[in-house]
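Read off the chains here:
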Amino acid sequence: MNIRSLTRGDGVVIVAAVVLFIASFLATFSCDSDSCTSVPNAWDSLGLLMSVYLAGVIGAALVILTRLLPQPRKVLGLDLGQLGAALTLFAAWTALWTVLDPLGSFSDVQSVASIGAGSGLVLGLVAALVLAAAALASPLVPALKGPLVPAPRPARPQPYGQQQGQTGYGYPGTGQQQQPGYGYPGAGQQQPGYGYPGAGQPAAGQPQAGATPPPAAAQPAEFAPFWFAVPVPRPIYGEDGTPTPIAELTPGTWYLAVDQRGQDLVAQTQDGKRGVLRDTTGIQRG
(Lines give C-alpha, C1' and ligand atoms only; values in the text may rest on other atoms or scores of the structure.)
Protein backbone atom coordinates (compact mmCIF):
# COMPACT_ATOMS: atom_id res chain seq x y z
CA MET A 1 0.00 0.00 0.00
CA ASN A 2 1.30 3.40 -0.99
CA ILE A 3 -0.13 6.35 0.95
CA ARG A 4 1.27 8.76 -1.65
CA SER A 5 -1.30 7.50 -4.14
CA LEU A 6 -4.09 9.25 -2.18
CA THR A 7 -5.56 12.40 -3.74
CA ARG A 8 -7.04 15.57 -2.28
CA GLY A 9 -10.49 14.14 -2.95
CA ASP A 10 -9.57 11.12 -0.85
CA GLY A 11 -8.64 13.49 1.97
CA VAL A 12 -12.11 15.05 1.80
CA VAL A 13 -13.64 11.56 1.87
CA ILE A 14 -11.67 10.64 5.00
CA VAL A 15 -12.62 13.85 6.87
CA ALA A 16 -16.30 13.53 5.92
CA ALA A 17 -16.38 9.88 7.06
CA VAL A 18 -14.90 10.83 10.44
CA VAL A 19 -17.50 13.59 10.90
CA LEU A 20 -20.28 11.17 9.90
CA PHE A 21 -19.11 8.64 12.47
CA ILE A 22 -19.01 11.32 15.20
CA ALA A 23 -22.54 12.43 14.27
CA SER A 24 -23.85 8.93 15.01
CA PHE A 25 -23.25 9.57 18.75
CA LEU A 26 -25.20 12.84 18.77
CA ALA A 27 -28.93 13.19 19.40
CA THR A 28 -31.13 11.85 16.66
CA PHE A 29 -34.18 13.94 17.63
CA SER A 30 -34.75 17.37 19.10
CA CYS A 31 -37.51 17.76 21.68
CA ASP A 32 -39.01 21.00 22.99
CA SER A 33 -41.05 19.32 25.71
CA ASP A 34 -39.81 19.03 29.29
CA SER A 35 -40.85 15.39 29.30
CA CYS A 36 -38.00 14.47 26.95
CA THR A 37 -35.36 13.36 29.44
CA SER A 38 -33.44 10.87 27.32
CA VAL A 39 -32.91 11.52 23.62
CA PRO A 40 -31.62 8.52 21.63
CA ASN A 41 -28.78 8.56 19.10
CA ALA A 42 -28.20 6.50 15.96
CA TRP A 43 -26.85 3.54 17.93
CA ASP A 44 -30.32 3.09 19.45
CA SER A 45 -31.85 2.56 15.99
CA LEU A 46 -30.23 -0.25 14.01
CA GLY A 47 -31.92 0.62 10.72
CA LEU A 48 -30.83 4.27 10.87
CA LEU A 49 -27.32 3.32 11.96
CA MET A 50 -26.72 0.84 9.15
CA SER A 51 -28.46 2.76 6.33
CA VAL A 52 -26.89 6.19 6.95
CA TYR A 53 -23.89 6.27 9.25
CA LEU A 54 -22.17 2.91 8.82
CA ALA A 55 -23.11 2.72 5.14
CA GLY A 56 -21.28 6.00 4.55
CA VAL A 57 -18.26 4.99 6.62
CA ILE A 58 -17.97 1.59 4.91
CA GLY A 59 -18.33 3.23 1.50
CA ALA A 60 -15.55 5.68 2.32
CA ALA A 61 -13.32 2.81 3.49
CA LEU A 62 -13.84 0.97 0.19
CA VAL A 63 -12.98 4.10 -1.82
CA ILE A 64 -9.76 4.67 0.13
CA LEU A 65 -8.82 0.97 0.02
CA THR A 66 -9.11 1.01 -3.76
CA ARG A 67 -6.62 3.90 -3.92
CA LEU A 68 -4.10 2.10 -1.72
CA LEU A 69 -4.16 -1.26 -3.51
CA PRO A 70 -1.80 -1.66 -6.49
CA GLN A 71 -4.52 -3.45 -8.46
CA PRO A 72 -8.28 -2.75 -8.13
CA ARG A 73 -10.28 -5.58 -6.59
CA LYS A 74 -13.72 -6.56 -7.86
CA VAL A 75 -16.73 -8.06 -6.09
CA LEU A 76 -19.52 -9.51 -8.27
CA GLY A 77 -18.00 -7.77 -11.27
CA LEU A 78 -18.00 -4.35 -9.56
CA ASP A 79 -14.90 -2.41 -8.67
CA LEU A 80 -14.55 -1.81 -4.92
CA GLY A 81 -14.25 1.93 -5.53
CA GLN A 82 -17.50 1.98 -7.51
CA LEU A 83 -19.25 -0.04 -4.81
CA GLY A 84 -17.98 2.36 -2.13
CA ALA A 85 -19.15 5.42 -4.07
CA ALA A 86 -22.59 3.83 -4.48
CA LEU A 87 -22.79 3.25 -0.71
CA THR A 88 -21.93 6.88 0.04
CA LEU A 89 -24.62 8.04 -2.39
CA PHE A 90 -27.16 5.71 -0.74
CA ALA A 91 -26.23 7.06 2.71
CA ALA A 92 -26.70 10.68 1.57
CA TRP A 93 -30.06 9.85 -0.06
CA THR A 94 -31.35 8.12 3.09
CA ALA A 95 -30.08 10.90 5.38
CA LEU A 96 -31.88 13.54 3.32
CA TRP A 97 -35.32 11.97 3.68
CA THR A 98 -34.72 11.03 7.29
CA VAL A 99 -34.06 14.68 8.16
CA LEU A 100 -37.17 15.81 6.26
CA ASP A 101 -39.36 13.25 8.04
CA PRO A 102 -37.53 12.02 11.16
CA LEU A 103 -40.58 10.38 12.81
CA GLY A 104 -42.07 8.72 9.76
CA SER A 105 -45.55 7.38 10.46
CA PHE A 106 -45.46 8.74 14.03
CA SER A 107 -45.39 12.37 12.88
CA ASP A 108 -49.22 12.59 13.05
CA VAL A 109 -49.36 11.58 16.69
CA GLN A 110 -50.21 14.61 18.83
CA SER A 111 -47.94 13.66 21.70
CA VAL A 112 -44.82 13.63 19.53
CA ALA A 113 -45.63 16.63 17.37
CA SER A 114 -42.91 18.72 19.01
CA ILE A 115 -40.13 16.27 18.11
CA GLY A 116 -37.90 17.09 15.11
CA ALA A 117 -34.54 16.23 13.62
CA GLY A 118 -31.68 16.43 16.11
CA SER A 119 -28.09 17.55 15.71
CA GLY A 120 -26.96 14.01 14.88
CA LEU A 121 -29.28 13.82 11.88
CA VAL A 122 -28.46 17.32 10.60
CA LEU A 123 -24.69 16.89 10.94
CA GLY A 124 -24.96 13.40 9.49
CA LEU A 125 -26.78 14.77 6.44
CA VAL A 126 -24.10 17.41 5.81
CA ALA A 127 -21.27 14.89 6.21
CA ALA A 128 -23.02 12.32 3.99
CA LEU A 129 -23.59 14.88 1.22
CA VAL A 130 -19.94 16.00 1.30
CA LEU A 131 -18.79 12.38 1.41
CA ALA A 132 -20.86 11.36 -1.61
CA ALA A 133 -19.84 14.45 -3.60
CA ALA A 134 -16.13 13.87 -2.93
CA ALA A 135 -16.31 10.16 -3.73
CA LEU A 136 -18.04 10.80 -7.06
CA ALA A 137 -16.13 13.95 -8.10
CA SER A 138 -12.57 12.91 -7.18
CA PRO A 139 -11.85 11.12 -10.48
CA LEU A 140 -13.43 13.98 -12.48
CA VAL A 141 -12.41 17.31 -10.92
CA PRO A 142 -8.74 18.24 -11.58
CA ALA A 143 -8.44 20.11 -8.26
CA LEU A 144 -9.35 16.93 -6.38
CA LYS A 145 -7.09 14.67 -8.44
CA GLY A 146 -3.87 16.23 -7.08
CA PRO A 147 -1.75 14.23 -4.61
CA LEU A 148 -2.74 14.50 -0.95
CA VAL A 149 0.88 14.08 0.25
CA PRO A 150 3.33 15.79 -2.15
CA ALA A 151 6.30 13.61 -2.96
CA PRO A 152 9.61 15.11 -1.82
CA ARG A 153 11.95 15.85 -4.68
CA PRO A 154 14.78 13.34 -4.37
CA ALA A 155 18.33 14.64 -4.14
CA ARG A 156 20.59 13.79 -7.01
CA PRO A 157 22.70 10.79 -5.98
CA GLN A 158 26.44 11.27 -5.60
CA PRO A 159 28.77 8.94 -7.49
CA TYR A 160 29.49 5.76 -5.59
CA GLY A 161 32.15 6.23 -2.94
CA GLN A 162 32.55 9.97 -3.53
CA GLN A 163 31.57 12.79 -1.22
CA GLN A 164 31.42 16.43 -2.12
CA GLY A 165 34.71 18.21 -1.51
CA GLN A 166 36.47 15.05 -0.35
CA THR A 167 39.99 14.26 -1.46
CA GLY A 168 41.76 10.99 -0.98
CA TYR A 169 45.26 9.57 -0.86
CA GLY A 170 47.12 10.41 -4.03
CA TYR A 171 44.46 12.83 -5.28
CA PRO A 172 45.10 16.55 -4.83
CA GLY A 173 42.21 18.80 -3.79
CA THR A 174 40.36 21.08 -6.16
CA GLY A 175 42.52 23.95 -7.32
CA GLN A 176 45.69 22.52 -5.73
CA GLN A 177 48.83 22.01 -7.75
CA GLN A 178 50.88 18.87 -7.50
CA GLN A 179 53.73 19.50 -5.12
CA PRO A 180 57.16 18.45 -6.21
CA GLY A 181 58.78 15.80 -4.11
CA TYR A 182 60.70 12.57 -4.24
CA GLY A 183 60.35 11.24 -7.76
CA TYR A 184 58.24 14.21 -8.89
CA PRO A 185 59.87 17.18 -10.63
CA GLY A 186 58.73 20.71 -9.94
CA ALA A 187 56.03 22.43 -11.94
CA GLY A 188 57.13 23.09 -15.48
CA GLN A 189 60.44 21.23 -14.94
CA GLN A 190 61.42 17.97 -16.55
CA GLN A 191 64.43 16.31 -15.03
CA PRO A 192 66.54 14.22 -17.31
CA GLY A 193 68.05 11.13 -15.85
CA TYR A 194 67.72 7.43 -15.71
CA GLY A 195 64.42 6.59 -17.32
CA TYR A 196 63.68 10.27 -18.05
CA PRO A 197 64.67 11.73 -21.42
CA GLY A 198 66.12 15.17 -21.58
CA ALA A 199 64.32 18.26 -22.84
CA GLY A 200 63.37 17.98 -26.48
CA GLN A 201 63.88 14.23 -26.58
CA PRO A 202 60.81 12.01 -27.10
CA ALA A 203 60.26 9.28 -24.56
CA ALA A 204 60.34 5.65 -25.57
CA GLY A 205 57.01 4.59 -27.03
CA GLN A 206 55.90 8.24 -27.39
CA PRO A 207 54.50 9.02 -30.87
CA GLN A 208 56.57 11.31 -33.04
CA ALA A 209 55.31 14.75 -34.00
CA GLY A 210 52.83 14.60 -36.83
CA ALA A 211 51.95 10.97 -36.26
CA THR A 212 48.22 10.18 -36.22
CA PRO A 213 47.14 8.52 -32.96
CA PRO A 214 45.07 5.33 -33.32
CA PRO A 215 41.30 5.81 -32.84
CA ALA A 216 40.06 5.06 -29.35
CA ALA A 217 37.60 2.22 -28.96
CA ALA A 218 34.06 3.41 -28.13
CA GLN A 219 33.08 2.47 -24.59
CA PRO A 220 29.40 1.59 -23.94
CA ALA A 221 27.62 4.08 -21.69
CA GLU A 222 27.05 2.68 -18.21
CA PHE A 223 23.50 3.02 -16.84
CA ALA A 224 23.15 5.23 -13.75
CA PRO A 225 20.02 4.86 -11.58
CA PHE A 226 17.78 7.92 -11.46
CA TRP A 227 14.45 9.02 -9.98
CA PHE A 228 11.47 9.64 -12.22
CA ALA A 229 7.73 10.31 -12.11
CA VAL A 230 5.00 9.35 -14.58
CA PRO A 231 2.45 11.84 -16.01
CA VAL A 232 -0.45 9.33 -15.94
CA PRO A 233 -0.98 5.97 -14.20
CA ARG A 234 1.04 3.29 -15.96
CA PRO A 235 1.43 -0.44 -15.22
CA ILE A 236 4.69 -2.29 -14.70
CA TYR A 237 5.18 -5.92 -15.65
CA GLY A 238 7.24 -8.74 -14.20
CA GLU A 239 10.90 -9.00 -15.15
CA ASP A 240 10.27 -12.53 -16.39
CA GLY A 241 8.17 -11.17 -19.27
CA THR A 242 4.71 -12.11 -17.98
CA PRO A 243 1.96 -10.07 -19.71
CA THR A 244 0.01 -9.45 -16.48
CA PRO A 245 0.81 -6.16 -14.65
CA ILE A 246 2.19 -6.58 -11.13
CA ALA A 247 1.77 -2.96 -9.97
CA GLU A 248 0.80 0.49 -11.18
CA LEU A 249 2.87 3.68 -11.08
CA THR A 250 0.82 6.74 -10.16
CA PRO A 251 1.48 10.45 -10.80
CA GLY A 252 2.84 12.49 -7.92
CA THR A 253 5.16 9.71 -6.69
CA TRP A 254 8.87 9.33 -7.36
CA TYR A 255 10.14 5.93 -8.47
CA LEU A 256 13.71 4.67 -8.91
CA ALA A 257 14.88 3.40 -12.29
CA VAL A 258 17.44 0.68 -11.52
CA ASP A 259 18.10 -0.68 -15.01
CA GLN A 260 17.34 -0.10 -18.68
CA ARG A 261 16.41 -2.74 -21.24
CA GLY A 262 16.28 -1.15 -24.64
CA GLN A 263 13.49 1.46 -24.47
CA ASP A 264 12.07 -0.07 -21.28
CA LEU A 265 13.00 0.81 -17.69
CA VAL A 266 13.19 -1.48 -14.67
CA ALA A 267 11.40 0.55 -11.97
CA GLN A 268 11.38 0.00 -8.22
CA THR A 269 8.32 1.07 -6.21
CA GLN A 270 8.23 2.52 -2.69
CA ASP A 271 7.67 -0.93 -1.17
CA GLY A 272 10.62 -2.48 -3.01
CA LYS A 273 8.66 -4.17 -5.81
CA ARG A 274 10.48 -4.22 -9.17
CA GLY A 275 8.94 -4.38 -12.62
CA VAL A 276 9.42 -3.35 -16.24
CA LEU A 277 7.91 -0.02 -17.38
CA ARG A 278 7.24 -0.38 -21.09
CA ASP A 279 5.74 3.06 -21.75
CA THR A 280 8.38 5.68 -20.88
CA THR A 281 6.98 8.58 -22.89
CA GLY A 282 6.66 11.87 -21.00
CA ILE A 283 8.33 10.72 -17.77
CA GLN A 284 9.89 13.39 -15.55
CA ARG A 285 13.43 12.74 -14.38
CA GLY A 286 14.39 13.80 -10.86
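Predicted model only: the values in this text are computed from it and were never measured.

Undergrad: Please provide a residue-by-residue account of the pairing of strand β10 (residues 274-277), values included.
TA: Walk down a regular strand and you will see the side chains alternate between the two sheet faces. Across four bridges, strand β9 (residues 264-268) lies against β10 in antiparallel orientation. Across the sheet, residue Ala267 finds its bridge partner in β10, namely Gly275. Taking the residues that link successive antiparallel strands as the turn, the β9-β10 hairpin has five residues, and the phi of Gly272 there is positive, at about 90°.

Undergrad: Could you give me a rundown of helix α4 (residues 119-137), with the residues and numbers involved?
TA: It helps to recall that an α-helix has 3.6 residues per turn; residues three or four apart then point in one direction. The end-to-end C-alpha distance of α4, which contains 19 residues, comes to 27 Å, matching closely the 27 Å that a straight helix rising 1.5 Å per residue would cover. Those residues of α4 that sit buried are Gly120, Leu121, Gly124, Leu125, Ala127, Ala128, Leu131, Ala132, Ala134 and Ala135. For α4, the secondary structure elements touched by its buried residues are α1 (8-23), α2 (46-68), α3 (80-100) and β4 (115-117).

Undergrad: I'd like a description of the confidence of the model for the protein, backed by residues and values.
TA: Across the protein, the average pLDDT comes to 77, with 69% of residues at or above 70. Between residues 158-176, whose pLDDT stays under 50, and residues either more than four places distant or in other chains, the model counts two contacts.

Undergrad: Just give me the short version of the side chain of Thr88, but keep the residues and values in it.
TA: Assignment of secondary structure puts Thr88 in helix α3. Among all residues touching Thr88, those that are not within four sequence positions of it are Gly56, Gly59, Ala60, Ala128, Leu131, Ala132 and Ala135.

Undergrad: So what's going on with the packing of α2 against α3? Which residues, and what values?
TA: Orientation of α2 relative to α3, taken along the N-to-C sense of each, is 155°, at an axis distance of 7 Å. Judged by the angle between their axes, α2 and α3 are roughly antiparallel. Taken as a pair, α2 and α3 cross one another with a handedness that is left-handed. Here α2 contributes Leu48, Ser51, Val52, Ala55, Gly56, Ile58, Gly59, Ala60, Leu62, Val63, Leu65 and Thr66 to the contact with α3, which in turn contributes Leu80, Gly81, Leu83, Gly84, Ala85, Leu87, Thr88, Phe90, Ala91, Thr94, Ala95 and Thr98. The residue makeup of the contact of α2 with α3, split by class, is 15 nonpolar, nine polar and no charged.

Undergrad: Provide a residue-level description of α3, including the pertinent values.
TA: If you check α3, its first and last C-alpha atoms are 31 Å apart, about what 21 residues at 1.5 Å a residue would give, namely 30 Å. Listed in full, the buried residues belonging to α3 are Leu80, Gly81, Gly84, Ala85, Thr88, Ala91, Ala92, Thr94, Ala95, Thr98 and Val99. Against the buried residues of α3 lie α2, β2 (74-75), β3 (78-79), β4 and α4. Capping of α3 at its N-terminal end is provided by Asp79; its side-chain oxygen lies 2.7 Å from the backbone amide nitrogen of Gly81.

The rules behind these values
- In this convention, every chain numbers its residues from 1, walking through the sequence in written order.
- Residues qualify for local features only when their pLDDT is at least 70, as the model is predicted, and side-chain atom pairs are given and counted only at 80 or more; totals for whole chains, interfaces and linings, by contrast, use all residues.
- No hydrogens and no water enter the side-chain calculation; it runs on all heavy atoms of the structure.
- The rule for pairing is simple: two strands pair if DSSP sees at least two bridges between them.
- In this text, helices come from DSSP runs of H or I with a minimum length of four residues, and strands from runs of E with a minimum of two, each type numbered from the N-terminal end.
- Working rule for helices: expected span equals 1.5 Å times residues minus one.
- Only protein chains enter the calculation, and the probe is 1.4 Å; a residue is then buried if its accessible area is under 20% of its type maximum, exposed if over 50%, and partly exposed in between.
- The contact rule is simple, with two residues in contact once any of their heavy atoms fall within 4.5 Å.
- The predictor attaches a confidence to each residue, called pLDDT, with possible values from 0 through 100.
- Between N-to-C directions, angles span 0 to 180 degrees; the directions come from axes that are lines fitted to C-alpha atoms, helices contributing only their stretch in contact.
- Here the angle decides the label: under 35 degrees means roughly parallel, over 145 means roughly antiparallel, 65 to 115 means roughly perpendicular, and every other value means oblique.
- Crossing chirality is assigned from the near helix's rotation relative to the far helix, an anticlockwise turn below a right angle marking it left-handed and a clockwise turn marking it right-handed.
- When residues are sorted by character, Ala, Val, Leu, Ile, Met, Phe, Trp, Tyr, Cys and Pro go into the nonpolar class, Asp, Glu, Lys and Arg into the charged class, and all the rest, Gly among them, into the polar class.
- Under the rule applied, a polar contact is a pair of N or O atoms within 3.5 Å (in protein, one hydrogen donor and one hydrogen acceptor; residues adjacent in sequence only if both atoms are side-chain atoms).

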